[in-house]
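Breakdown of the fold
Here is what each chain is made of, one letter per residue.
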Amino acid sequence: MNGNHYDVAIIGGGVIGGSIAFQLAKRNVRVVVLEKDRIASEASSAAAGMLGAQSEFSNEHPLISSMAYPCEKCPSTPCFIPFALKSRDMIVPLAEELKELTGIDIGLVQKGILKIALTEEENEALQRNYEFWRRMEQSVQWLSVDDVAVFEPNVTKNLRGAMYLPNDGQVSAPDLSLAFAKASIVYGAEWQEFTEVLDVAQEGDDYRLRTNHGTVHAGAVVVAAGAWSALFLEKTGLSLSMYPVKGECLLVKVEKPIIQTTVFAKNGCYIVPKKGNRLLIGATSTPYTFDKKVTVQGIMSLLERAQQLLPTIRTAEWERAWAGIRPQTGDGVPYIGEHPHYKNIWIATGHYRNGILLSPITGVIIADLVEGKGSGEFDLAPFSLTRHQATYTV
Ligand code: FAD
Ligand code: GLY
């Protein structure tokens, strides 16, 4: 076999490309991952690592309310919820598997997420969210101001109520991304860093991928290029409804732990306790930019909101700040499926705020699709590549 011929070429070496590479390589598929920069150098290393299967969603979330349900496979719940919950559940065995294969500890912490309401309006919305999770029969607890004072004594007393989601854990996003890459390599995958795929063309039953370092041939292609996916896919005549959303984060260090659980406010500010007494504070949301500059305004707003939630954070030591680009779609639902015009070009992108959470399930689903096994228990209609009825030029 030709040295640059693979069964599958994956475009993009973030957490999504890495998870897919891992699942395929594990099944003895000959895989190459083509990454224009370093492994997980974009959103996947910028992420806070929350596994927010419940904290990031509610019945009021556009992603849930926009979905047509009940559908055949999920008669009583929006498809996205079982999808996110299943992915969260997959992380626990995956953490062990990845550790065994690569020696990398992905930093799984299962101490839940505490969602805080600071105003009466936020409290009402949070209560509706709490009722929703009760109806979904998922673990959730309502905490009063006094309960919070006992549970997390350093959290502000100036709150109206809180919802605790014990099963929403967190990981180290850079470590998970790296572990997927290394585990795929253990199973025989190749990674080519600093290799940008310029275009893809059909050649008989195969695809020829032109890169800045020559050409690669593959029987199938997976586009997992994060926020850059739509730009790339335009070259194949597919117009997706996608846009970048910049997020800034920062890291501080405290002398001793001041919170056990992740604290998440309705205004989008969250504080995630990380190893070594570090606190990750996130995140801003600036749509329509690929510019990763960290701004004074962004950092000031995060610090202000963090102090409001956790007043003792004032004495923390500054470490660093960074920004990443989230891949958002027009309706907030990722794109997962086959290119409408090219057989065996698969697409997995648009995971927006939840790519770390959704990486395990996305890897398995794309690997199953590539192998012709279908999508199993999940109806992929909501993730369809053609749902926006975009204009095709081919
Ligand atoms: P990326 O990580 O962006 O990877 C895509 C890769 O494709 C990049 O490395 C890029 O260089 C490469 N690429 C692009 N074009 C080409 C090309 N033509 N050729 C070769 N390579 C190419 N999610 C959670 O689940 N939990 C969180 O707590 C969380 N927090 C977040 C906080 C912030 C501040 C941000 C920015 C995001 C956060 N996310 C979180 C979202 C998560 O980071 C993303 O959804 C996820 O990383 C997307 O993964 P990806 O692999 O699709 O994209
Ligand atoms: N999921 C957290 C973020 O995207 O900021």
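Everything discussed here concerns the structure shown above.
In this report, we go over the structure that sits alongside the text. Computed from a prediction, not measured in an experiment: that's the story for all the values here. (Residues numbered from 1 in each chain as written. Chains lettered and ligands numbered in written order. Predicted model: local features only at pLDDT ≥ 70, side-chain atom pairs only at ≥ 80, totals over all residues. Heavy atoms only, no water.)

1. Some remarks on the overall build of the protein
- Within the protein, the regular secondary structure consists of 10 helices and 17 strands.
- Against the 2.2 N^0.38 benchmark of 21 Å for 394 residues, the protein shows a C-alpha radius of gyration of 21 Å, consistent with a compact globule.
- Considering only C-alpha atoms, the protein reaches an extent of 70 × 45 × 40 Å along its principal axes.
- Here the protein holds 394 residues, and 55% of them are scored as buried.
- Considering only residue pairs separated by 6 or more positions, the protein has 74% of its internal contacts joining residues 24 or more positions apart.
- Summing over all exposed atoms, the protein offers an accessible surface of approximately 16400 Å²; the carbon and sulfur share of this is 49%.
- Where the 37 positive side-chain charges of the protein centre and where its 43 negative ones centre are 4 Å apart. (Helix = DSSP H or I, 4+ residues; strand = E, 2+ residues; numbered from the N terminus. Rg over C-alpha atoms; globule rule 2.2 N^0.38 Å. Buried < 20%, exposed > 50% of the residue type's maximum accessible area, 1.4 Å probe, protein only. Contact = heavy atoms within 4.5 Å. Areas by Shrake-Rupley, 256 points an atom, 1.4 Å probe, with all protein chains shown as cover. Lys, Arg positive; Asp, Glu negative; His and termini not counted. Charge placed at Lys NZ, Arg CZ, Asp CG, Glu CD.)

2. Structural notes on the environment of Ile271
- Assignment of secondary structure puts Ile271 in strand β12 (residues 270-274).
- With 21 residues separating them in the primary sequence, Ile271 and Leu250 have C-alpha atoms 9.8 Å apart.
- Each residue touching Ile271, except ones within four places of it in the same chain, is listed here: Ile259, Thr261, Thr262, Val263, Leu279, Leu280, Ile281, Ala306, Leu309, Leu310 and Ile313.

3. Things to note about the environment of Cys249
- Along the polypeptide, Cys249 turns up in strand β10 (residues 242-253).
- In sequence terms Cys249 and Glu338 are 89 residues apart; their C-alpha atoms lie 34 Å from each other.
- Beyond its immediate stretch of four places on either side in the chain, Cys249 contacts Ala46, Tyr270, Leu280, Ile281, Gly282, Ala283, Ile299, Leu302, Arg320, Ala321 and Trp322.

4. Focus on the packing of aromatic side chains
- The final tally for this structure, using the stated rule, is 11 aromatic pairs.
- Seen from their ring centres, Phe151 and Tyr164 are 4.7 Å apart, and the 65 degrees between their planes marks the pair as edge-to-face. In this pair, Phe151 sits in helix α6 (residues 145-151) while Tyr164 sits in strand β5 (residues 161-165), placing the two residues 13 residues apart along the sequence.
- For Phe151, a relative accessible area of 33% corresponds to the partly exposed category. (Phe/Tyr/Trp six-rings, centres within 6.5 Å; stacked < 30°, edge-to-face > 60°.)

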